[in-house]
Amino acid sequence: MTGRRVGIVLLTAALVSLSIGVYGGNSDTITVNYEVQAINEITISAASVTLTVSTATAGSQPDSVTDNSTATYALTTNSTTADSKKITAAIDTAMPSGVTLYLTLAAPTGATSTGETEITNVAASVVTAIEAVAESGLVMTFKLSATVSSGVVASAAKTLTLTLTDVS
Amino acid sequence: MRSPRPQASRRSLRSFAVLGTVVVVLTQAVEALPAIVLVCTGSWSPVIGAADLVAGAGSALRSTYESATDQISVTISDTAGSGDAWRVDVRRVDGTWNDDVNLWIVRTSDGTGGAVTGGTSYVQVTTSDQTFFSGSDDVSDITCRLRLTGVSIAVPPGSYGTTVWLTVVDT
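Residues numbered from 1 in each chain as written. Chains lettered and ligands numbered in written order. Predicted model: local features only at pLDDT ≥ 70, side-chain atom pairs only at ≥ 80, totals over all residues.

Chemist: I'd like a description of the overall build of chain B, backed by residues and values.
Modeler: Counting its regular elements, chain B contains one helix and 10 strands. When the helices and strands of chain B are listed from N to C terminus, the series reads α-β-β-β-β-β-β-β-β-β-β. The buried share among the 171 residues of chain B stands at 26%. In chain B, the share of contacts with a sequence separation of at least 24, taken over all contacts with a separation of at least 6, comes to 79%. (Helix = DSSP H or I, 4+ residues; strand = E, 2+ residues; numbered from the N terminus. Buried ≥ 20, exposed ≤ 12 C-beta atoms within 10 Å, placed from the backbone. Contact = placed C-beta atoms within 7 Å.)

Chemist: So what's going on with the overall build of chain A? Residues and values would help.
Modeler: Across its full length, chain A holds one helix and 11 strands. Along chain A, helices (α) and strands (β) appear in the sequence α-β-β-β-β-β-β-β-β-β-β-β when read from the amino end. Expressed as a percentage of contacts within chain A between residues at least 6 apart in sequence, the contacts between residues at least 24 apart total 73%.

Chemist: Give me the lowdown on the nonpolar core, citing residues and values where you can.
Modeler: The biggest cluster of nonpolar side chains holds 38 residues, and the ones touching the most others in it are B:L38, B:V74, B:V88, B:V90 and B:I105. At seven residues, the largest contribution of residues to this core is made by strand β9 (residues 130–149) of chain B. When residues no more than four places from it in sequence are discounted, the contact partners of B:V74 are B:L38, B:C40, B:V88, B:I142, B:C144 and B:L166. Within the second largest apolar cluster, 20 residues are counted, among which are A:Y73, A:L75, A:A89 and A:L103. (Core = buried A, V, L, I, M, F, W, Y, C linked by C-beta atoms within 7 Å.)

Chemist: Lay out the pairing of strand β6 (residues 102–107) of chain B with the relevant residues and their values.
Modeler: Both β6(B) and β9(B) contribute to a ladder of six bridges, which runs antiparallel. Note that in β9(B) the partner of B:I105 across the bridge is B:L146. (Pairing = 2+ DSSP bridges.)

Chemist: Give a description of unusual backbone geometry that names residues and reports values.
Modeler: All names here are of chain B. Look at D137: it is not a glycine, yet its phi comes out positive at around 70°. With respect to the secondary-structure elements, D137 resides in strand β9. Even without glycine at this site, D141 takes up a positive phi of about 55°. With respect to the helices and strands, D141 occurs in strand β9.

Chemist: A description of the sheet that holds strand β9 (residues 124–130) of chain A should follow, citing residues and the corresponding values.
Modeler: Residue and element names in this part refer to chain A. Pairing in this open sheet of four strands is antiparallel, and the strands run β7-β9-β5-β11 from one edge to the other. Bordering the open sheet on either side are β7 (112–113) and β11 (160–166), each of which pairs with just one other strand. Here seven bridges tie strand β5 (residues 85–91) to β11, and the two strands are oriented antiparallel to one another. Bridge pairing links I87 to L164 in β11.

Chemist: Account for the environment of B:Q71, naming residues and giving values.
Modeler: All names here are of chain B. Considering the arrangement of structural elements, one finds Q71 in the loop between β3 (65–66) and β4 (72–77). Of the residues examined, Q71 has 20 C-beta atoms within 10 Å and is grouped as buried. Sequence-wise, Q71 and W44 are 27 residues apart; in three dimensions their C-alpha atoms are separated by 7.1 Å. Apart from the residues within four sequence positions on either side, Q71 is in contact with G42, W44, C144, R145 and L146.

Chemist: Give a detailed account of the confidence of the model for chain A, specifying residues and quantitative values.
Modeler: This prediction gives chain A a mean pLDDT of 89; 85% of its residues lie at or above 70. In this model residues 9–24 of chain A is a low-confidence stretch, pLDDT under 50, and it forms 19 contacts with partners more than four residues away in sequence or in other chains. (pLDDT = per-residue confidence, 0-100.)

Chemist: How would you explain the environment of B:I36 if you had to name every residue and give the values?
Modeler: With respect to the element layout, B:I36 can be found in the loop between α1 (5–32) and β1 (37–41). Separated by 132 residues in sequence, B:I36 and B:V168 have C-alpha atoms that sit 7.1 Å apart. Leaving out residues up to four positions away in the same chain, B:I36 has contacts with A:N26, B:I76, B:D78, B:T79, B:W86, B:V168 and B:D170.

Chemist: For the confidence of the model for chain B, give the residues involved together with the corresponding values.
Modeler: Residues and elements named next belong to chain B. Across chain B, the average pLDDT comes to 88, with 80% of residues at or above 70. Contacts for the low-pLDDT stretch residues 22–32, under 50 throughout, to residues beyond four places or in other chains number 13 contacts. The complex prediction reports pTM at 0.79, with the ipTM value standing at 0.81.

Chemist: With reference to specific residues and values, describe the environment of A:I119.
Modeler: Residue and element names in this part refer to chain A. Among the secondary structure elements, I119 is positioned in the loop between β8 (117–118) and β9. Residue class for I119 comes out buried when judged on the 22 C-beta atoms lying within 10 Å of it. Sequence spacing of I119 and S69 is 50 residues, and the spatial spacing of their C-alpha atoms is 19 Å. In contact with I119, not counting residues within four places along its chain, are A89, A90, I91, L101, Y102, L103, A124 and L160.

Below, the structure is given as structure tokens:
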């Protein structure tokens, strides 16, 4: 390469450098971090549901009573498939002998209801496989049954607790 | 008869010397160009939880979150004066990020000093440079606000982060 060619090459390189010098930028940074916490919220719409067993067909056990129009529940969770949730139900004290309370919860989208489930003072699963969902107005169906062996049972109140918890 | 080679050789050397000098001068000129300096301060770390549900259980999360209006401060310095125009580009480099969530930035003040234009409507911060605002001369404390959109319960619990790059370009 001749001296002139070398010079031209170097001149071109210098002009390129000049171009970079004009349009190059100076930068600084900021950080943006956000945290999404686990959200598992559930509420029951009604303050109370009253069930009274008062009729029977002669020769049969007393008629059970059902209420599916008083209470609904709502829930919001951002759980994932790997961390799916379930709803358990329990009452604060055991039912009298011969009297049984059942509960059926409508399942939110994608989840599974266990159907009619006897509710005692030990938590029982009523909906499983709950993943990210936000729904309200989900029907709660209560059923109270009694056998003649229970006799006449005085009116009593039970507190029902629904808990949104880990499946495992 | 004299051979022309020594004279041609001297010419080549002279040309090389001249061009080399030009290169040195240009290089020094490049080095002497005053580089505009951008400095930004601030960060933002919102925490999203059950308190952000629109109406408690059964409702969705608020989708939009905004920082304080002066969450970020940008200062431009070392310009050549009022005739020295520049622009600021913005982009992000993600660490862990959820693709449903979008980051935006908006300029909320003109700062103090030279002129600033643009950037008063939210600009989405993507992984590519976007023009944010422009101006001229030195300007200090240009405040900016950040916004997250697209948040929902479909975003799994966890921590997410990105680095926002602001770059000043001498125009």
